[in-house]
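What follows is the residue order along each chain.
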Amino acid sequence: MTFLPQWLYNWLGLNFPAQRIPLTVILPLVKSTPLPVLNALYQLQKTRATEDEDVQFLRLILKNLKQLNRCDTSVTQREEYNHRLAALFYPLTQVMVGRFGKDGGVPDSQVRAQTLDTLIAICTEFASSYGVIIQYYQQCSRFRYARSLKKLDLAALRLFEFLKMEQSIKGLRYQELSEKSWAMANTLIHILAASERLSVVLKPLDQTYSAERAVATTRAMDVYLSIQMSERLQLSFWPVQWQSWLQRSLGLGDLKIGLSVLSEQTNKIQVSFVYCYDPTPSCFTPKLNKTSVEPLLLQWDQLQQSLTSDFAQVLRSRQSERQVTLSKHLSLFHRDEQLALAQLQFDRFNTYPIRAVAKLDQEKEVPDLRIFIGFKDVFALLRHIASGGTWKPIGQRMTDLLARHSAVFSDDADASVESTWSLRHQDNSLICLSSLESRHTTHMHIGDLAACMLEQSDWHQPKLCVIQRILRPQAGRVYVEMQVLSEQSEAIFFESQVLNQANLSTDSIPGNELVQAIRGKNANATHLILPRGVRLMSEGQVTMNTKNGMELAQLGHIMSATKSFSMYALRRSRPIRDLHEADRVLA
């Protein structure tokens, strides 16, 4: 047996296995398809000046990418075309994401939906094209493989970056990565681990194609881990305005997770398993491995500790009104938003994957469905019900947002819009509705307060809910998930130690201008719901003007918050018998 020097052994590529992990990418190749000609793209790049021309430019990029992915061309030419098309695509994408990342919910405007769907399709084509490059190098001889490692590293980084971009843009549309994308990502991270390329540092898309160079270098592994963190924090539960903040923060500061091989000894408690070729993100319990490739471990402990600490610190600051130390990403927000953000990220991390998807156990039409969205409309509805008003004036006096369908009237005000809503799931804590989405569909955003009446018996006692999740699992179909806050609710006014009164009642109340609030009750507790901009000191007293007269209540801790309201516990209340007692209390 001849022993080779180590340098020669490595130079020949003999340190790599002859059989490597394959990445299977199937493209609709047509031999007669020519390579795309990019002259029209470059001409439009120079002259485009309007939003319509930007959209036309994106569609032309998509057309050229699809043509490239039908063309049976060499890897070298594919690498060159990927580079040229990415240089045209990436800067405009950052502008588009910034534009459409400011607001989003149900329904999406036609322009927003079509533009974001085009961006998603382009990212998918890029990922497939880079996947073909990786597939080629994985099938090379060991000698050629050793010569091509730098090209493999760059293709792997770009594939992860385009999958990350696709995930972020899908988040703006309340969609999720496909099983095909997850299988590609999980296989690629195993390829890099097997060839010991996880720690290779390269220039990201930002540094290569954008003037805004926030991060000078990155690793393919870091981008993959940020994709996993976005999945764990469940973008379909996040308001669109906060998603861009989350995407920029992942992987920085304390928002990090680790990656290791199964054979390494680890003392981490919170771990999940990543299997090669697996179309699911990761598994928190081991499962039957149908391949010879050892699973990788995701280590979640550091992220869990950071999110738990932030939530505890924000709650502590609300109770003591003192400054506390928070993670950098939270310290950038207003105090009211800090609680909502800290609670959201804490809840989403700890409920995954148990509550990743609502159980859709039925599809039942609800012809008598009524929903009122937003604190203002819900408060007005409850006041009307308390005054003994009938159902008909409600539809005349305020916006009947859903009625029997997604909208009350069509554009010509003659024909009803037949976009019915279906009840997909209902229990004591959750209601899930689905509908075909149209421009008539009710405007709803995550974090909005909602009064929900599923049948006529609920019309005089609506369930109070918060819109918790929006999901578009397929084109044209939207799911809205609502968490039930209270079974019984009452519109009230109060005057207490208000720290900030940005939302005051305009109703004429003798003596004082009182703050609007909603008192809710369920089987377990009573709580007080306040609109955004009104904050109270926990553990104090509130004097409430209710339908039964003046009442004194003991305010408890803050229970939860969203971007549109906050909810406090009410421990006990008692009626105030006369005006003299009321004056003493208010004094």
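Reading the values: rules and limits
Residues numbered from 1 in each chain as written. Predicted model: local features only at pLDDT ≥ 70, side-chain atom pairs only at ≥ 80, totals over all residues. Heavy atoms only, no water. Helix = DSSP H or I, 4+ residues; strand = E, 2+ residues; numbered from the N terminus. Buried < 20%, exposed > 50% of the residue type's maximum accessible area, 1.4 Å probe, protein only. Contact = heavy atoms within 4.5 Å. Axes fitted to C-alpha atoms, helices over the stretch in contact; angles between N-to-C directions. Parallel < 35°, antiparallel > 145°, perpendicular 65-115°, else oblique. Left-handed = near helix turned anticlockwise from the far one by under 90°. Nonpolar A, V, L, I, M, F, W, Y, C, P; charged D, E, K, R; others polar. Pairing = 2+ DSSP bridges. Lys, Arg positive; Asp, Glu negative; His and termini not counted. Salt bridge = Lys/Arg side-chain N within 4 Å of Asp/Glu carboxyl O. Patch = residues over 30% accessible without salt bridge, like charges linked within 9 Å, V, L, I, M, F, W, Y side chains within 5 Å. Areas by Shrake-Rupley, 256 points an atom, 1.4 Å probe, with all protein chains shown as cover. Core = buried A, V, L, I, M, F, W, Y, C linked by side-chain atoms within 4.5 Å. Phe/Tyr/Trp six-rings, centres within 6.5 Å; stacked < 30°, edge-to-face > 60°. Lys NZ or Arg CZ within 6 Å of the ring centre and 35° of its normal. Disulfide = S-S within 2.5 Å.

> Give me the lowdown on the overall build of the protein chain, citing residues and values where you can.
The number of helices and strands found in the protein chain is 17 helices and 20 strands. A burial count over the protein chain gives 55% of its 587 residues as buried. Restricting to contacts in the protein chain with at least 6 residues of sequence separation, those with at least 24 account for 70%.

> Can you tell me about the packing of helix α2 (residues 39–47) against helix α3 (residues 51–70), naming the residues and giving the values?
Interhelical geometry of α2 versus α3 gives an angle of 160° and a closest axis separation of 10 Å. With respect to their mutual orientation, α2 and α3 come out roughly antiparallel. The handedness of the crossing between α2 and α3 comes out as left-handed. Every residue of α3 that contacts α2 at A40, L41, L44, Q45 and T47 is listed here: E53, Q56, F57, L60, I61 and N64. Split by residue class, the contact of α2 with α3 holds six nonpolar, four polar and one charged.

> For the sheet that holds strand β3 (residues 258–261), give the residues involved together with the corresponding values.
The strand order across the open sheet built from three strands is β3-β5-β4, with neighbouring strands paired in antiparallel fashion. Each end of this open sheet is capped by a strand with a single partner; those strands are β3 and β4 (271–274). Pairs of neighbouring strands in the sheet enclose a mean axial angle of 30°, with direction left out of account.

> Provide a residue-level description of the environment of E125, including the pertinent values.
Relative to the assigned elements, E125 resides in helix α5 (residues 110–138). Taking the C-alpha atoms as reference, E125 lies 9.8 Å from L27; in sequence the two are 98 residues apart. Not counting residues within four places of it along the chain, the set of residues in contact with E125 comprises L62, L65, K66 and N69.

> I'd like a description of the pairing of strand β16 (residues 526–531), backed by residues and values.
Burial within β16 is extensive, with five of its six residues counted as buried. Pairing between strand β15 (residues 515–521) and β16: four bridges, direction antiparallel. Bridge pairing links R519 to L528 in β16. Taking the residues that link successive antiparallel strands as the turn, the β15-β16 hairpin has four residues.

> Which residues make up the side chain of D458, and what are the values?
Take D458: it is sitting in the loop between β10 (449–453) and β11 (463–474). The buried charged residue D458 lacks any salt bridge, with K463 as its nearest oppositely charged partner at 4.1 Å.

> Run through a nonpolar patch on the surface, naming residues and quoting values.
On the surface, W7, W11 and F143 cluster together to form a nonpolar patch covering roughly 380 Å² of accessible area. As for its placement among the helices and strands, F143 is situated in helix α6 (residues 142–147). We classify F143 as partly exposed; its relative accessible area is 36%.

> Got a sec to walk through the nonpolar core? Specific residues and values, please.
Judged by nonpolar contacts, the single largest core of 138 residues is most densely connected at F89, F160 and M482. When residues no more than four places from it in sequence are discounted, the contact partners of M482 are I371, S429, L430, I431, L433, A450, C452, C465, V466, I467 and Q468. Ranked by size, the runner-up nonpolar core spans 21 residues in total, among them F372, V378, V466 and L485.

> Residue-level account of the packing of aromatic side chains, with values.
With the rule as written, the count across this model stands at 14 aromatic pairs. On the numbers, 6.3 Å between centres and 70° between planes, the contact of F284 with Y352 is edge-to-face. Highlighted residues: F284 in the loop between β4 and β5 (296–299) and Y352 in the loop between α14 (335–351) and β6 (364–365), separated in sequence by 68 residues. The class for Y352 is buried, based on a relative accessible area of 9%. Aromatic rings pair up to connect F89, F126, Y130 and F162 into one cluster. Above the plane of the ring of Y145 lies R20, whose end atom (NZ or CZ) is 4.1 Å from the centre. Between the NZ or CZ atom of R232 and the centre of the ring of W300, over which it lies, the distance is 4.8 Å.

> I'd like a description of the sheet that holds β10, backed by residues and values.
Spatially, the seven strands line up as an open sheet ordered β6-β8-β9-β12-β11-β10-β7, and their pairing is antiparallel. With partners counted over all chains shown, the strands left at the sheet margins are β6 and β7 (370–373), one partner each. When β7 meets β10, the two strands line up antiparallel, connected through four bridges. Residue pairing across strands places R370 opposite M453, the latter belonging to β10. Against the sheet, helix α15 (residues 375–386) engages β7, β10 and β11, with an angle of about 45° to β10.

> Can you break down the state of the cysteines residue by residue, with the values?
Tallied over the entire structure, the rule returns zero disulfides. The cysteine C452 is free of any disulfide, with C465 supplying the nearest cysteine sulfur at 5.2 Å. For C452, a relative accessible area of 1% corresponds to the buried category.

> Break down the pattern of salt bridges for me, citing the residues and quoting the values.
In the structure shown here, the tally under the stated rule is 18 salt bridges. Between D222 and R219 there is a salt bridge, with the nearest N and O atoms lying 2.9 Å from each other. Judged by its relative accessible area of 29%, D222 falls in the partly exposed class. Overall, the relative accessible area of 24% leaves R219 in the partly exposed class.

> Kindly report on the packing of α3 against helix α4 (residues 75–100), identifying the contributing residues and their values.
At a closest axis distance of 11 Å, the pairing of α3 and α4 adopts a crossing angle of 150°. Classed by the angle they form, the pair α3 and α4 counts as roughly antiparallel. As α3 packs across α4, the resulting crossing turns out to be left-handed. Across the interface between the two elements, E51, D54, V55, F57, L58, I61, N64, L65, L68 and N69 from α3 touch R78, Y81, N82, L85, L88, F89, L92, M96 and R99 from α4.

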